[in-house]
Amino acid sequence: ERVGYALVGLGHLTLEEILPALSTCRKSKSVALVSGNPEKLQKVARQYGIKSENCFSYETYDQLKDNAEVQVIYIVLPNSMHAEFTIRGARAGKHILCEKPMANSVAECQAMIDACQQSNRKLMIAYRIQYEPYNRYVREQVQKQEFGKPKFVDAYNCQSSANPRHWRHIKALAGGGALPDIGLYCLNTTRFILGEEPVEVSAYVHSDPDNPLFREVEEVCTWQMKFPSGVIAQCATHYNVHEARQYRVMTERGGYELAQAYAYSGQKLTTSRADGAIVRQEQVSITPKNQFAMEMDVFSACILEDKVPYSGGEEGLQDQRIMEAIYQSARERRPIPLPIIEKKDAFR
Ligand code: NAD
């Protein structure tokens, strides 16, 4: 039995990644679509064999309540709309898979968690990297301390964009610039790999004042995070650098370097290990899997087996809390302490 998904928002991610991935899922299938554009809605519905009575607008969205075929609503809208559509979806009695970043403020994240709890529905944030095999391998090796204790992480996620009218460059819709959109991968993946929570952040934010792309949202953000074990992570994100998406984890007796770490595919992992005076380098090869299909099937399994998803609402809330501290640090030009949070289940 496959769990039925309604996709909300028919933009790039839905059309190019999520709908094709759903066709390959073992436990998930697309059964409904929600869009503000009626022509696109009909066209995509025909392409994926979705019944016309299962096509909704943002206004008729709440009628999903009466649709027994839909168990999950997957929210793939601009960031500022995540909270509203999650809350309305939970009230319609559906489980929610919500794209990253979870929302634009800690208050919105909390309201989303509360709404899902009140309706007794599950909430998962779509952190696809947590389901990607190379990143999972690095996490397992680092936490087993294969090459000794981790000491430094350095993580970059950069891309270039050109359209100042796109919602990603409008603060009210995007919440911020490079940080919540792509820097978030450095933040979330570092927390995921280390299995611990930062206790302090220190950050720098900058935008070229002459570039219309960055009138409202930041172009660059770099930040350091200090972890209770002593690990220091150095992270950077840029909206005006050609694709750079890699990280390194440096440990007492070696390290891991993951190229294309946050890409949809093409990860390349190199490990190096001290063997006496010699450094042994190795390319690790793992069978790639479609991250979107993995992520949706994991959520469907949580619903079928009544389990708690491990990239749940608390995970999105914690990232939002840290991002707010990052902006505060840059604004006030000082390190910001974070509340101490124990990981309930570090190694999973
Ligand atoms: P997009 O601009 O391609 O699509 C957004 C969709 O929302 C469009 O179909 C648009 O018509 C619709 N929309 C509704 N109201 C809108 C409004 N007021 N302004 C603009 N668009 C409006 O964006 P996308 O790249 O598909 O991103 C959608 C979400 O998915 C974002 O939250 C983004 O962060 C996330 N995302 C995640 C990944 C990932 O790898 N997990 C990758 C890309 C995007």
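Conventions and cut-offs
- Residues numbered from 1 in each chain as written.
- Predicted model: local features only at pLDDT ≥ 70, side-chain atom pairs only at ≥ 80, totals over all residues.
- Heavy atoms only, no water.
- Helix = DSSP H or I, 4+ residues; strand = E, 2+ residues; numbered from the N terminus.
- Near = heavy atom within 4 Å.
- Polar contact = N/O pair within 3.5 Å; in protein donor to acceptor, adjacent residues only side chain to side chain.
- Areas by Shrake-Rupley, 256 points an atom, 1.4 Å probe, with all protein chains shown as cover.
- Nonpolar A, V, L, I, M, F, W, Y, C, P; charged D, E, K, R; others polar.
- Domains from an automatic or database assignment.
- Salt bridge = Lys/Arg side-chain N within 4 Å of Asp/Glu carboxyl O.
- Buried < 20%, exposed > 50% of the residue type's maximum accessible area, 1.4 Å probe, protein only.
- Pairing = 2+ DSSP bridges.
- Contact = heavy atoms within 4.5 Å.
- Axes fitted to C-alpha atoms, helices over the stretch in contact; angles between N-to-C directions.
- Expected span 1.5 Å × (residues − 1).
- Bend = angle between axes of the 7 residues up to and from the residue.
- Phe/Tyr/Trp six-rings, centres within 6.5 Å; stacked < 30°, edge-to-face > 60°.
- Buried area = accessible area lost by both parts, 1.4 Å probe.
- Right-handed = clockwise from strand over helix to strand, strands pointing away.

A.B. asks: Could you clarify how one ought to interpret the environment of V153 in this entry?
C.D. replies: Note that V153 resides in strand β7 (residues 150–160). For the pair formed by V153 and I129, sequence separation is 24 residues and the distance between their alpha carbons is 16 Å.

A.B. asks: Honestly, the site of the ligand in this entry has me stumped. Any pointers?
C.D. replies: In the vicinity of the ligand lie 23 residues, with H12, N79, K100, R128 and W167 positioned nearest. Separating an oxygen atom of the ligand from a backbone N or O atom of L77 is a distance of 3.1 Å. The side chain of N79 places a nitrogen or oxygen atom 2.7 Å from an oxygen atom of the ligand. Contact with the protein chains covers 79% of the free accessible surface of the ligand, which is 830 Å². Mapped by element, the contributors of at least two residues to the shell around the ligand are α1 (12–22) and α7 (178–194). Taken together, the residues of the shell around the ligand break down into twelve nonpolar, five polar and six charged. Of the domains in this structure, domain 1 (3–126) and domain 2 (133–287 + 318–337) are the two that each give at least three residues to the shell around the ligand.

A.B. asks: Could you clarify how one ought to interpret the pattern of salt bridges in this entry?
C.D. replies: If the charged atoms of two oppositely charged side chains come close together, the side chains can form a pair. Counting across every chain of the model gives 16 salt bridges. Between R168 and D181 there is a salt bridge, and its shortest N-O distance comes to 3.0 Å. Of this pair, R168 sits in the loop between β7 and α6 (171–174) while D181 sits in helix α7, placing them 13 residues apart in sequence. Given a relative accessible area of 28%, R168 falls into the partly exposed group. Classification of D181 as buried rests on a relative accessible area of 6%. It is possible to trace a salt-bridge network through shared partners that takes in R191, E197, E315 and D319.

A.B. asks: Is there a simple way to think about the sheet that holds β7 in this case?
C.D. replies: Remark on secondary structure: sheet strands pair via backbone hydrogen bonds, oriented parallel or antiparallel. Strands sit in the order β14-β13-β12-β11-β7-β10-β9-β8-β15 across an open sheet of nine strands; the sheet is mixed. Looking at which strands have only one partner, the edges of the open sheet turn out to be β14 (278–284) and β15 (336–337). Inspection of the sheet shows β7 paired to strand β11 (residues 240–251) by nine bridges, in the antiparallel sense. When the bridges of β11 are listed, C158 appears paired with A244. In the packing of α7 onto the sheet, contacts are made with β7, β9 (220–226), β10 (232–238) and β11, and the angle to β7 comes to roughly 155 degrees.

A.B. asks: Whenever I open this one, α7 confuses me. Can you help?
C.D. replies: A turn of α-helix holds 3.6 residues, and therefore any two residues three or four places apart point the same way. The terminal C-alpha atoms of α7, which comprises 17 residues, lie 23 Å apart, in line with the 24 Å expected from a rise of 1.5 Å per residue. At L184, α7 is deflected by roughly 50 degrees, the largest bend along its length. For α7, the tally of buried residues reaches 17 of 17 residues, placing the bulk of the element in the interior. Residue G195 follows α7 closely and has a positive phi angle near 70 degrees.

A.B. asks: Sorry, what's going on with the packing of aromatic side chains here?
C.D. replies: Geometry of an aromatic ring pair is reported as the spacing of the ring centres plus the angle between the planes. For the structure shown, the criterion picks out eight aromatic pairs. Aromatic side chains Y185 and Y262 sit 6.0 Å apart centroid to centroid with 45 degrees between the ring planes, which places their arrangement in the tilted category. In this pair, Y185 is assigned in helix α7 and Y262 in the loop between β12 (254–259) and β13 (268–275), connecting sequence segments 77 residues apart. Of the residues examined, Y262 reaches a relative accessible area of 3% and is grouped as buried. A ring pair is formed by Y264 and F292, whose centres lie 5.3 Å apart and whose planes are at 75 degrees; its orientation type is edge-to-face. With Y264 in the loop between β12 and β13 and F292 in helix α8 (residues 291–304), the pair connects residues that are 28 residues apart, well separated along the chain.

A.B. asks: Would you explain the domain arrangement of the protein chain in this entry?
C.D. replies: Many analyses report the size of an interface as the accessible area lost when the parts associate. When its domains are assigned, the protein chain resolves into domain 1 (3–126) and domain 2 (133–287 + 318–337). Taking the mean C-alpha position of each, domain 1 and domain 2 sit 28 Å from one another. Of the roughly 1,100 Å² buried at the junction of domain 1 and domain 2 (both faces included), carbon and sulfur atoms supply 56%. Applying the counting criterion to the domain 1 and domain 2 interface returns one salt bridge. Linking K100 and D181 is a salt bridge whose minimum nitrogen-to-oxygen distance equals 3.3 Å. At the junction of domain 1 and domain 2, the tally comes to five residue pairs in polar contact (both at pLDDT 80 or more). Those elements that provide at least two residues to the side of domain 1 that touches domain 2 are α1 and α4 (106–118). Among the residues forming the side of domain 1 that touches domain 2, the class breakdown is six nonpolar, four polar and two charged.

A.B. asks: Is there a simple way to explain the pairing of strand β2 (residues 28–34) in this structure?
C.D. replies: Remark: a regular strand shows side chains that alternate across the two faces of the sheet. Of all seven residues in β2, six are buried, a share of seventy percent or more. Bridge count for strand β1 (residues 3–8) against β2 is six bridges, and the pairing is parallel. Each residue of the ladder has a partner; that of V8, found in β2, is V34. Crossover handedness for the path β1 to α1 to β2: right-handed. With helix α2 (residues 38–48) bridging β2 and its parallel neighbour strand β3 (residues 55–56), the resulting β-α-β unit is right-handed.

A.B. asks: Looking at this structure, how should I read unusual backbone geometry?
C.D. replies: Leaving glycine out, the prevailing phi sign among residues is negative, and the prevailing peptide bond configuration is trans. Between K100 and P101 the backbone carries a cis peptide bond, its omega angle lying at -15 degrees. Looking at where P101 falls in the secondary structure, it is placed in the loop between β5 (95–98) and α4. In the Ramachandran plot, Q260 falls in the positive-phi region, its phi being about 55 degrees despite a non-glycine side chain. Residue placement: Q260 occurs in the loop between β12 and β13. Look at Q260 and you get partly exposed, because its relative accessible area is 28%. A positive phi is found at D306, a non-glycine position, where the angle reads about 50 degrees. Following the sequence through the fold, D306 ends up in the loop between α8 and α9 (313–332). The class of D306 is exposed, set by a relative accessible area of 62%.

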